[in-house]
Amino acid sequence: IKIKRGKLIIIPTPNYCGLQYDYRQRPGFIDINRSFPIIKNGKSGSINNKLIVKYIKESKPDFILDFHEAFYFHRRNPTSFGSYLITNKECSSEVKRVAHKCKLNVNKIVKEYYKKWDITNNIPTEEGSLRYYAKLNNIDYLLIETVGQRKMEKIQTRIKINLNIIKIAMKSFN
């Protein structure tokens, strides 16, 4: 990935323990996906979130790509968010355009109908999520839900999809 201007920041594995144990919560039963501040200048619920929030405040990003791994494909199981690009209802036209480009491009890679990607803004924005925090602070945000839990999708496929999405987003903002 070549960056012409600005910078790409990747925070790999913010929930390392969760990844190792295939469990959403980190030790102490803290869900880092629901531990971001719920009011401006509020406190984070975990050290992981505190460090991420500090970094966001210092770096002042124009756009956040947030990668998650769902347990199944949403077209086969409506209780899962896998293969979704999730925006906030109030997102900018730029986020909508990036999401649309990502969907079209990723769906060229995906062969099986039930694994095809869609865009939604109809999923409630949970208080304490990074999505909620971005909305609270007027930062453009796109949530990418691959299907990685329970090893439903091969890691090579998820990497290919995620890199594709990063490239599209970077081209859109450069």
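Preceding block: the structure.
Worth saying up front: this structure is predicted, and the values here are computed from it rather than measured.

Conventions adopted
- Residues numbered from 1 in each chain as written.
- Predicted model: local features only at pLDDT ≥ 70, side-chain atom pairs only at ≥ 80, totals over all residues.
- Heavy atoms only, no water.
- Helix = DSSP H or I, 4+ residues; strand = E, 2+ residues; numbered from the N terminus.
- Buried < 20%, exposed > 50% of the residue type's maximum accessible area, 1.4 Å probe, protein only.
- Contact = heavy atoms within 4.5 Å.
- Areas by Shrake-Rupley, 256 points an atom, 1.4 Å probe, with all protein chains shown as cover.
- Core = buried A, V, L, I, M, F, W, Y, C linked by side-chain atoms within 4.5 Å.
- Salt bridge = Lys/Arg side-chain N within 4 Å of Asp/Glu carboxyl O.
- Pairing = 2+ DSSP bridges.
- Polar contact = N/O pair within 3.5 Å; in protein donor to acceptor, adjacent residues only side chain to side chain.

## Description of the overall build of the protein
Thought 1: Broken down by element type, the protein carries five helices and four strands.
Thought 2: Going from N to C terminus, the protein has its helices and strands arranged as α-α-β-β-α-β-α-β-α.
Thought 3: Within the span of the protein, comprising 174 residues, buried residues form 40% of the whole.
Thought 4: In the protein, the share of contacts with a sequence separation of at least 24, taken over all contacts with a separation of at least 6, comes to 68%.
Thought 5: Total accessible area on the protein is roughly 10800 Å²; 54% of this is exposed by carbon and sulfur atoms.

## A short note on the nonpolar core
Thought 1: Residues Leu 85, Trp 117, Leu 142 and Ile 165 are the most contacted members of the largest nonpolar core, which totals 16 residues.
Thought 2: Among the elements of the structure, helix 3 (93-109), strand 4 (140-147) and helix 5 (155-173) are those that each provide at least two residues to this core.
Thought 3: Here this core gets five residues from one element, more than from any other, and that element is helix 3.
Thought 4: Once residues within four sequence positions are removed from consideration, Leu 142 is found in contact with Phe 63, Ile 64, Leu 65, Asp 66, Leu 85, Ile 86, Thr 87, Val 98 and Ala 99.
Thought 5: Counting residues in hydrophobic clusters, the runner-up holds 14 residues, among them Ile 64, Tyr 84, Tyr 133 and Tyr 141.

## Re the pattern of salt bridges
Thought 1: For the structure shown, the criterion picks out eight salt bridges.
Thought 2: Glu 58 is the partner of Lys 54 in a salt bridge, and the nearest nitrogen-oxygen pair spans 3.5 Å. Here Lys 54 and its partner Glu 58 are both found in helix 2 (residues 47-59), four residues apart, which amounts to about one turn of the helix.
Thought 3: Across the pair Asp 118 and Arg 75 runs a salt bridge whose closest N-O atoms are separated by 2.9 Å.

## Quick look at the pairing of strand 4
Thought 1: The element strand 4 is largely enclosed, with a buried count of seven among its eight residues.
Thought 2: Summarising the sheet, strand 1 (residues 63-70) and strand 4 pair through eight bridges and their orientation is parallel. From the neighbouring strand, Glu 69 faces strand 4, where its bridge partner is Thr 146.

## Digging into the side chain of Ser 129
Thought 1: Topologically, Ser 129 is positioned in the loop between strand 3 (118-120) and helix 4 (130-136).
Thought 2: Among the polar contacts made by the side chain of Ser 129, one reaches the main-chain amide nitrogen of Tyr 132 at a distance of 3.0 Å.
Thought 3: In contact with Ser 129, not counting residues within four places along its chain, are Asn 33, Arg 34 and Phe 36.

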